[in-house]
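Structure at a glance
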Amino acid sequence: MSWQEPTRIEIRLVLMRRGFCAVLLLIVILCACSPTPVAPPPLQSTGAAVTPPPGIPASATSRPLSPTKLVATLSTPHIEQPPDGPSTLAPTSSQGCAYRWAYQDLPDLSNDFQSALQELQPGAKGYAFAFGEDCIHDDGTVTFLPMETDFNSTLPVSDLSDDAELGDWIIRVMQVIENIPPEQIRGPRPGRVSLLFESGADRTGVSFYIDQYQALPANLNSAEIFRLLRESQ
């Protein structure tokens, strides 16, 4: 048989078959080499705190806290009263309100308090006042916010060195104060009681808070009451 030269059409068909096979082989190779997708493992709770992304406050991911109750106890420190004279503005302000220490006279309560003292000792003097803060608003108006009702008294005594006599007067004055109707007391905090004892030109005094007196042991005598309150001031 004699050899015949392939025609152009036959050459093109051969080339097309070879190209198709090459493409098919390439596809098979690529499919074999591509990674098989793996499903991510399920998330497990570890009990650790979740840190919120930047810009989101931490409170947004935490449970709301229940409101706390403020409980007044005998160990609660008292705010010391400022000295007599013009009050100065407090360094803090809130909601358009600047604060300064302030007093407010209580004339009706003062009259009743002094009258009750003079029934015990005609030469006694006493007055009551509310102590607290002035709220100075942006428009200049002032609102007084009472914190406590304080009592001052001056009592003539025979002997300033007699602790028992001075303790007796503390007990008598406190009986007067504790019998005052609650509606006449201003402010939520127990007030301060200041007693000035006079004997001729000599003077001595004691100052304490009402809850300090009420917390004293019941078995103390008059002299012990005076000494303990004087030492704690």
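Residues numbered from 1 in each chain as written. Predicted model: local features only at pLDDT ≥ 70, side-chain atom pairs only at ≥ 80, totals over all residues. Heavy atoms only, no water.

Overview of the pattern of salt bridges
What the rule picks out here adds up to 4 salt bridges. The salt bridge involving R100 is made with D134; its shortest N-O contact spans 3.5 Å. Within this pair, whereas R100 is found in strand β2 (residues 97-105), its partner D134 is found in strand β3 (residues 125-137), the two being separated by 34 residues in sequence. With its nearest N and O atoms 2.6 Å apart, the salt bridge here joins E148 to R189. Here the residue E148 occupies a position in strand β4 (residues 142-156), and R189 occupies one in the loop between α3 (163-178) and β5 (192-199), the gap between them amounting to 41 residues. Judged on exposure class, the residue E148 and its partner R189 are both buried. (Salt bridge = Lys/Arg side-chain N within 4 Å of Asp/Glu carboxyl O. Helix = DSSP H or I, 4+ residues; strand = E, 2+ residues; numbered from the N terminus. Buried < 20%, exposed > 50% of the residue type's maximum accessible area, 1.4 Å probe, protein only.)

What to know about the environment of Q214
One can find Q214 in helix α4 (residues 210-214). Taking the C-alpha atoms as reference, Q214 lies 9.4 Å from M174; in sequence the two are 40 residues apart. Within the structure, the side chain of Q214 is placed 3.4 Å from the side chain of E178, a separation counted as a polar contact. (Polar contact = N/O pair within 3.5 Å; in protein donor to acceptor, adjacent residues only side chain to side chain.)

Topic: helix α2 (residues 107-120)
Relative to the 20 Å expected for 14 residues at 1.5 Å per residue, α2 spans 20 Å between its end C-alpha atoms, a close match to the ideal helical length. When α2 is considered as a whole, its buried residues turn out to be L109, S110, F113 and L117. Looking straight down α2, one finds that the buried residues subtend no more than 100° of arc, so they occupy a single side. Opposite the buried face of α2, at more than 90 degrees from it, the exposed residues are P107, D108 and E119. Buried-residue contacts for α2 involve β3, β4 and α3. (Expected span 1.5 Å × (residues − 1). Arc of directions from axis to C-beta. Contact = heavy atoms within 4.5 Å.)

Observations concerning the confidence of the model for the protein chain
The predicted structure's coordinates, where accompanied by low pLDDT, should not be read in detail. Looking at the protein chain, pLDDT values average 75 and 59% of them are 70 or higher. Mean pLDDT across the elements of the protein chain bottoms out in strand β1 (residues 89-93) (46) and peaks in α3 (98). Contacts for the low-pLDDT stretch residues 36-80, under 50 throughout, to residues beyond four places or in other chains number 15 contacts. A low-confidence stretch, residues 83-93 (pLDDT under 50), is modelled with 15 contacts involving residues beyond four sequence positions or located in other chains. (pLDDT = per-residue confidence, 0-100.)

Considerations on the pairing of β5
When a strand is regular, its side chains alternate between the sheet's two faces. Across the 8 residues that make up β5, a large majority, 6, are buried. Bridging between β4 and β5 involves 6 bridges; their strand directions are parallel. Across the sheet, the residue bridging to F151 is V193, located in β5. Where β5 meets strand β6 (residues 202-209), 8 bridges bridge the pair, whose relative direction is antiparallel. Note on β6: the bridge partner recorded for L195 is V206. The turn linking β5 back onto β6 is made up of 2 residues, and G200 within it adopts a positive phi angle of 65°. (Pairing = 2+ DSSP bridges.)

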